[in-house]
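# Remarks on the overall topology
As a plain string of letters, each chain reads:
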Amino acid sequence: MQQQVASAATADAAMAKITRDVDAKIKTRLWAMGLLGFFAFVSVGTFVYNEYYIYLSVYLWFGMIYGMCLQYGRFCFSSAFRDLFAIKVPRMLVGIVIATLLFGVISAPITASGLSTFHAAPVSSHAIIAGVFFGIGMVIAGGCASSSLYKTGEGNMNALLVILSLSLTQALFADVGGWANYFVPEAWTQSALEKGLPASINVTDGWVDQYLAGYVWNNPALTYAEVLGMPNASIGGAFVGNLLVGILIPAGLLLAVVYVLYWRKGYRNKQKKAGNVVTGLSGELAGYWAMITANKRTAIAGLILGIACALQMLVIQGLRVKFGFKNAGVLLDRIGWDFGLSVQGTVFDPGYWYVTTQEAQWVGWTLQKMGIENMDNIYFGFVNGIPNPAINPADWMSFALIGGAAIIALYHNEFKFKKPTWETAMWSVIGGFFMGIGARLGLGCNVGAFFVRVANGDCSGWLFGLGMAGGAYLGVKFFNWWTEKKLAKEMESCGL
Amino acid sequence: MGMKFEKTGEGRYRLNVNGYVCPHPQIYTKKALEKLGSGDILELFFDNPSSGESIEAMIENDGNELVEKTVESGQFEWHIQKA
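Residues numbered from 1 in each chain as written. Chains lettered and ligands numbered in written order. Predicted model: local features only at pLDDT ≥ 70, side-chain atom pairs only at ≥ 80, totals over all residues. Heavy atoms only, no water.

Attention now moves to the pairing of strand β4 (residues 65–72) of chain B. Two faces, one strand: in a regular strand the side chains alternate between the faces of the sheet. All names here are of chain B. Note that β4 and strand β5 (residues 75–81) share seven bridges and pair antiparallel. Residue Glu65 lies in a different strand from β5, and its bridge partner there is Gln81. Between β4 and β5, which follow one another and run antiparallel, lie two residues, and Ser73 among them has a positive phi close to 50°. (Pairing = 2+ DSSP bridges. Helix = DSSP H or I, 4+ residues; strand = E, 2+ residues; numbered from the N terminus.)

Next up, the structure:
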């Protein structure tokens, strides 16, 4: 009798748990639907108000796709390098290289047709140095610039702190002058003056201004196609120069090195356990293919991400042609939002996936509203402006990226509001600071300075990546020491 | 809350890295597993979804076994048996 009562109570408890789980699932999915509805409402509502807003909505919906892909595939550039060095797991690096390759494959015909919105960046050792700063920062912060956005969508407030630190660092660093001018070489100052920038920029006051106009701009902005003497907008330039030489060959070699150093041994052991013997080239190729397809979730996300990145360029370019402008500054002016345009009437309008500049812009806008003058520099005043974040196209992309990640996290029951601890908050702020410096030195982050550039044949992309790898290695060395110290203390009490 | 490691039974240990983001959960897990004996179980508690992907790949690569895996409202509880 007692047994029957006990088993009935167990069954009741199990049923109650199932009911709770189902209720929780319905609730989180309703939240996901609500978020999607909100973005749809913003998109439709603004379009009805003025058709120009469709340009911002394109950024918004591509941002949403990026957020969904990043969360679904746990796409993180920090994880790519860090996991390789820290725990010898190449999964994410392989996923990112594949996504870059796919982005490149789809970009090539767009580049060949002359419809690409991509512009190469100057090539020099500054990209490597910037990458080192960024790499250290992303390991310390626990995520790169893009993954911090998607993790914020998962409810991770550490990631939000990283974004705040990264945004603030960039906005302040881009405008720092005064005492910082002491660290500017005289040659940079002279060279910056020769560029004939508008007087409002006051180019001799500002470290980053003189770094950009006096050093970075003096280096050639080259794609692999141009190095080989072919125009980008040609079949040879886009497919042979940028795709084959710039992406396929280096990516294939990188994956081969990763296979030999981090995958081959484990793969052979697993095959041996399963009674299979790996021999000859066909065995190695099977192992290579197994590495590429090891994580389907990351591979699928990479595939969609690559396609979306290339399509965004095409759609944005199409709208620019339709509305007859080359930069969204014109569009914002037409719809009556002329505050914060640069001295050239432009705003940041990359036409493709980008992360860090719009983050610096919203802080720049906030500082300006607080009465701090920050338009006397190249970054804000001459090129990107500081438009209101509510109508900044790139900010729409980032907000929607967070929203897209939240939708997928809610749908998969992975959303959890996480408060930082003092320790994790400290790492977030320090990591965000290093990434902010790296992003401004490298004119972009893991997305803008690496992913997009490599996929479009920009020679500086792999250099930034090389620096990121070096920085990540240093960051892992530091964390290995830190965690070892903390864990040893805990384990001692267990007799280990 | 900080990282916590404790013994929960004979050959069973609990590592709680709730609240930590990458790379802490995976590095702590790797270091803890290195010090356990063959057959020992590590009960891992974490709440950072992206760390899970890395930890799972690491377990597979190292030949260890994930014997239990649950997730509820973003809280992960995994039991890993060392090979």
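All names here are of chain A. For helix α6 (residues 145–153), the tally of buried residues reaches nine of nine residues, placing the bulk of the element in the interior. All buried positions along α6 are accounted for by Ala145, Ser146, Ser147, Ser148, Leu149, Tyr150, Lys151, Thr152 and Gly153. Trailing α6 by a residue or two, Gly155 shows a phi angle of about 95°, which is positive. (Buried < 20%, exposed > 50% of the residue type's maximum accessible area, 1.4 Å probe, protein only.)

Glancing now at empty space enclosed by the protein. Summed over the entire model, instances satisfying the criterion amount to four cavities of 30 Å³ or more. Taken as a whole, the largest cavity holds about 60 Å³ of empty space. Mapped by element, the contributors of at least two residues to the lining of the largest cavity are α4 (91–112), α12 (280–292) and α13 (296–323) of chain A. Each residue belonging to the lining of the largest cavity can be placed in one class, and the counts come to six nonpolar, three polar and one charged. Roughly 50 Å³ of volume is contained in the second largest cavity. Residue lining of the second largest cavity: A:Ala141, A:Gly142, A:Gly143, A:Ser148, A:Lys151, A:Asn156, A:Asn158, A:Ala159, A:Val162 and B:Val21, and that is the complete set. Of all the elements in the fold, those that place two or more residues in the lining of the second largest cavity are α6 and α7 (157–175) of chain A. Per-element accounting of the lining of the second largest cavity gives the leading share, three residues, to α7(A). A breakdown of the residues in the lining of the second largest cavity according to their chemical character gives four nonpolar, five polar and one charged. (1 Å grid on protein atoms, 1.4 Å probe; cavity = no way out; pocket = protein on both sides within 12 Å on 5 of 7 lines; lining within 4 Å. Points joined across faces, edges and corners; volume = space filled by probe spheres on them. Nonpolar A, V, L, I, M, F, W, Y, C, P; charged D, E, K, R; others polar.)

Axis angle and axis distance: for two packed helices, these are the angle between their axes and the distance between the axes, and together they describe the pair. Residue and element names in this part refer to chain A. Viewed as axis vectors pointing N to C, α4 and helix α19 (residues 446–455) meet at an angle of 50°, and their least axial separation amounts to 7 Å. The angle between α4 and α19 falls in the class oblique. Residues Ile96, Ala99, Thr100, Phe103, Gly104 and Ser107 of α4 form the contact with α19, whose own contacting residues are Phe450, Phe451, Val452, Val454 and Ala455. Among the residues forming the contact of α4 with α19, the class breakdown is eight nonpolar, three polar and no charged. (Axes fitted to C-alpha atoms, helices over the stretch in contact; angles between N-to-C directions. Parallel < 35°, antiparallel > 145°, perpendicular 65-115°, else oblique. Contact = heavy atoms within 4.5 Å.)

Residue and element names in this part refer to chain A. Within the element layout of this structure, Thr204 appears in the loop between α8 (186–193) and α9 (207–214). Measuring from C-alpha to C-alpha, the distance between Thr204 and Ala274 comes to 67 Å, with 70 residues separating the pair along the chain. The contacts of Thr204, once residues within four sequence positions are left out, are Asn181, Thr189, Leu193 and Gln210.

Take the confidence of the model for chain B next. All names here are of chain B. Residues with a pLDDT of 70 or more make up 99% of chain B, whose mean pLDDT is 91. At the low end of the mean pLDDT range in chain B sits helix α2 (residues 49–62), at 87; at the high end sits strand β3 (residues 41–46), at 96. Model confidence for the complex is summarised by a pTM of 0.90, with the ipTM given as 0.88. (pLDDT = per-residue confidence, 0-100.)

Turning our eyes to something else, we now look at the interface of chain A and chain B. At the junction of the two partners, chain A supplies 43 residues and chain B supplies 37 residues. Summing both sides of the interface, chain A and chain B together bury roughly 3,600 Å²; the carbon and sulfur share of this comes to 57%. The interface formed by chain A and chain B holds six salt bridges in total. Between A:Glu484 and B:Lys31 there is a salt bridge, with the nearest N and O atoms lying 3.1 Å from each other. (Buried area = accessible area lost by both parts, 1.4 Å probe. Salt bridge = Lys/Arg side-chain N within 4 Å of Asp/Glu carboxyl O.)

This brings us to the pattern of salt bridges. Across all of its chains, the model carries 17 salt bridges over all chains by this definition. A:Asp349 is paired through a salt bridge with A:Arg320; the nearest N and O atoms lie 3.2 Å apart. Remark: A:Arg320 occurs in helix α13 and A:Asp349 occurs in the loop between α14 (328–334) and α15 (356–369); sequence separation between them is 29 residues. For the pair shown, A:Asp349 and A:Arg320 are each scored as buried. Across the salt bridge formed by B:Lys69 and B:Glu56, the nearest N and O atoms sit 3.1 Å from each other. With B:Lys69 in strand β4 and B:Glu56 in helix α2, this pair connects stretches of sequence that are 13 residues apart. On the accessibility criterion, B:Lys69 (47% relative accessible area) is partly exposed. Take B:Glu56: its relative accessible area is 32%, and that puts it in the partly exposed class. Overlapping salt bridges bring together A:Arg74, A:Arg91, A:Glu414 and B:Glu53 as one network.

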